[in-house]
Amino acid sequence: MGLTIGVDIGGTKIAAGVVDEGGAILDTCQVPTPPTPEGVIEAIADAVRSVGEGSSADAVGIGAAGYVDDKRATVLFAPNIRWRHETLKDKIEQRVGLSVVVENDANAAAWGEYRFGAGAGHDDVVCITLGTGLGGGIIIGGRLHRGRFGVAGEFGHLRVVPDGLLCGCGSQGCWEQYASGRALVRYARQRASATPENAGLLLGLGDGTPEGIDGRHVSDAARAGDPVAVDSFRELARWAGAGLADLASLFDPSAFIVGGGVSDEGDLVLEPIRKSFRRWLVGGRHRPHAQVLAAQLGGRAGLVGAADLARQG
């Protein structure tokens, strides 16, 4: 199988692209994400038809945020799109006339990084995405590990603080409440409120109030050396690195790959994550340490990974 089409379903846009065997994107298109579950299905089909017109692509991989069954056909639960047991594979195949594989979006991104990005040279890799929330994917022995029911790798909802902060999933103390883009903004607002004298630059980038701070302000202020913004990144990194140390005890990978929007800040966040990982790794003085690497594909990882998983069949 040569060319395949990858689809990445985002909150505001759906991206589709024709991808070759080397992971190169040959053509792309984007359509807005409709507000209804039924509209999303039609938009996916439209994007696939548009980008695939005139190409020899013969399979489609779709990355969807949510629980995907072990047959890689049905989205069991996707809260942001309001899908419940949505037979996505069948519906898209009927509309576009191509074979379809459905995969969790974080799994697709992890596979993309493993095959064509930072995972080169590693067969045992754990990926985490630090975006609005926290997602993950697991590669063991060169194979994507989905678990018996297809829903492995939901790291963001590991409970790291018993009876901690309420999570959107309905539980409390989930990891993504402490290591994610949302958490970063919360840390910055709390610190700016407590010590505004240390947050002059950060507050000045918004409307002057802690409530007016957003993620872009925290990143810009941290790069300029604002103490509160830098400390907010360190707090996020402390939780992220401690969580990676726990995952090392579970999976013992040779590398962790850190992606997502927060990781775009490079060593501003990666170096403190590495420091925290070393601090909390059980038996760290007496065992090899996994590398903690920055993702390389950025926003392309999910699309490229989904396309390659379709090629794998």
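In this text, all values refer to a predicted model and were calculated from it rather than measured experimentally. Positions within a chain are numbered from 1, following the residues in the order the chain's sequence is written. Note on the predicted model: pLDDT of at least 70 is required for a residue's local features to be given, and 80 or more for side-chain atom pairs to be given and counted; whole-chain, interface and lining totals, by contrast, use all residues. Side-chain figures throughout are based on the complete set of non-hydrogen atoms in the structure, without hydrogens or water.

(A) Structural context of the packing of aromatic side chains. A pair of aromatic rings is counted whenever rings of Phe, Tyr or Trp (Trp by its six-membered ring) have centres within 6.5 Å, and the orientation is called stacked for planes under 30 degrees apart, edge-to-face for over 60 and tilted otherwise. Scanning all chains against the criterion turns up 5 aromatic pairs. Note on Trp111 and Tyr114: the rings are 5.1 Å apart at their centroids and 50° apart in plane angle, and the pair reads as tilted. Remark: Tyr114 and Trp111 occur in helix H3 (residues 105-116); sequence separation between them is 3 residues, near one turn of the helix. Tyr114 gets classed as buried once you look at its relative accessible area, which sits at 12%. By definition here, charges over rings are those cases where NZ of Lys or CZ of Arg is within 6 Å of the ring centre and within 35 degrees of the ring normal. Sitting above the plane of the Tyr178 ring, Arg186 keeps its charged end 6.0 Å from the centroid. Here the guanidinium or amino end of Arg279 rests over the ring plane of Trp280, the centre of that ring lying 4.0 Å away. Helical segments are the DSSP runs of H or I of at least four residues, strand segments are the runs of E of at least two, and each set is numbered from the N terminus. Relative accessibility under 20% of the residue-type maximum defines a buried residue, over 50% an exposed one, and the middle range a partly exposed one, all with a 1.4 Å probe and only protein chains included.

(B) Looking closely at the pairing of strand S9 (residues 125-130). Of all 6 residues in S9, 5 are buried; the element is thus mostly enclosed. When DSSP finds two or more bridges between a pair of strands, those strands are recorded as paired. As paired strands, S9 and strand S10 (residues 134-140) are joined by 6 bridges and run antiparallel to one another. Note on S10: the bridge partner recorded for Thr129 is Gly135. In this antiparallel pair of consecutive strands, S9 and S10, the connection spans 3 residues. Two strands pair when backbone bridges link them, and S9 and strand S12 (residues 255-259) are joined in this way by 5 bridges, in the parallel orientation. Residue pairing for S12: Thr129 is matched across the bridge by Gly259.

(C) Representation of the environment of Phe233 in the model. Tracing the backbone shows Phe233 in helix H7 (residues 227-251). Exposure remark for Phe233: the relative accessible area of 1% places this residue in the buried category.

(D) Main features of the packing of helix H4 (residues 181-194) against H7. What counts as an axis is a line fitted to C-alpha atoms, over the stretch in contact for a helix, and the angles between N-to-C directions run from 0 to 180 degrees. At a closest axis distance of 9 Å, the pairing of H4 and H7 adopts a crossing angle of 135°. In terms of axis orientation, H4 runs oblique to H7. Two packed elements cross with a definite hand, and for H4 against H7 that hand is right-handed. When H4 is examined against H7, the residues Leu184, Tyr187, Ala188, Arg191 and Ala192 are found in contact with a partner set consisting of Val228, Asp231, Ser232, Phe233, Glu235, Leu236 and Trp239. For this classification, Asp, Glu, Lys and Arg are treated as charged, while Ala, Val, Leu, Ile, Met, Phe, Trp, Tyr, Cys and Pro are nonpolar and the rest, including Gly, are polar. Of the residues in the contact of H4 with H7, the class split is 8 nonpolar, 1 polar and 3 charged. Oblique is the label for every angle not falling under 35 degrees (roughly parallel), over 145 degrees (roughly antiparallel), or within 65 to 115 degrees (roughly perpendicular). By convention, the crossing between two helices is left-handed when the near helix turns anticlockwise from the far helix through less than a right angle, and right-handed when the turn is clockwise. Should any heavy atoms of two residues lie within 4.5 Å, those residues are counted as being in contact.

(E) Main features of H7. Spanning 25 residues, H7 covers 36 Å between terminal C-alpha atoms, matching the ideal 36 Å at 1.5 Å per step. In protein, a polar contact requires one atom able to donate a hydrogen and another able to accept it; more generally it is a pair of N or O atoms within 3.5 Å, and residues adjacent in sequence count only if both atoms are side-chain atoms. Between the side-chain oxygen of the N-cap and the backbone nitrogen of Val228 there are 3.1 Å, and the N-cap of H7 in question is Asp226. In the segment just after H7, Asp252 is the residue with positive phi, at about 50°. A helix is expected to reach a length of 1.5 Å times the quantity of its residues less one.

(F) Quick look at the sheet that holds strand S2 (residues 13-19). Reading across from one edge, S3-S2-S1-S4-S8 is the order of the 5 strands in this open sheet, with mixed pairing throughout. Each of the sheet's edge strands pairs with one partner strand only, and the pair in question is strand S3 (25-32) and strand S8 (99-104). Here the average twist between neighbouring strands, direction ignored, is 20°. Relative to S3, S2 runs antiparallel, the two sharing 7 bridges. Along S3, the bridge assignment pairs Val19 with Ile25. Running at roughly 150° to S3, helix H1 (residues 37-52) makes contact with strand S1 (4-9), S2, S3 and strand S4 (59-64) of the sheet. Taken strand by strand, helix H9 (residues 301-312) contacts S1, S2, S3, S4 and S8, and its axis lies near 135° from that of S1.

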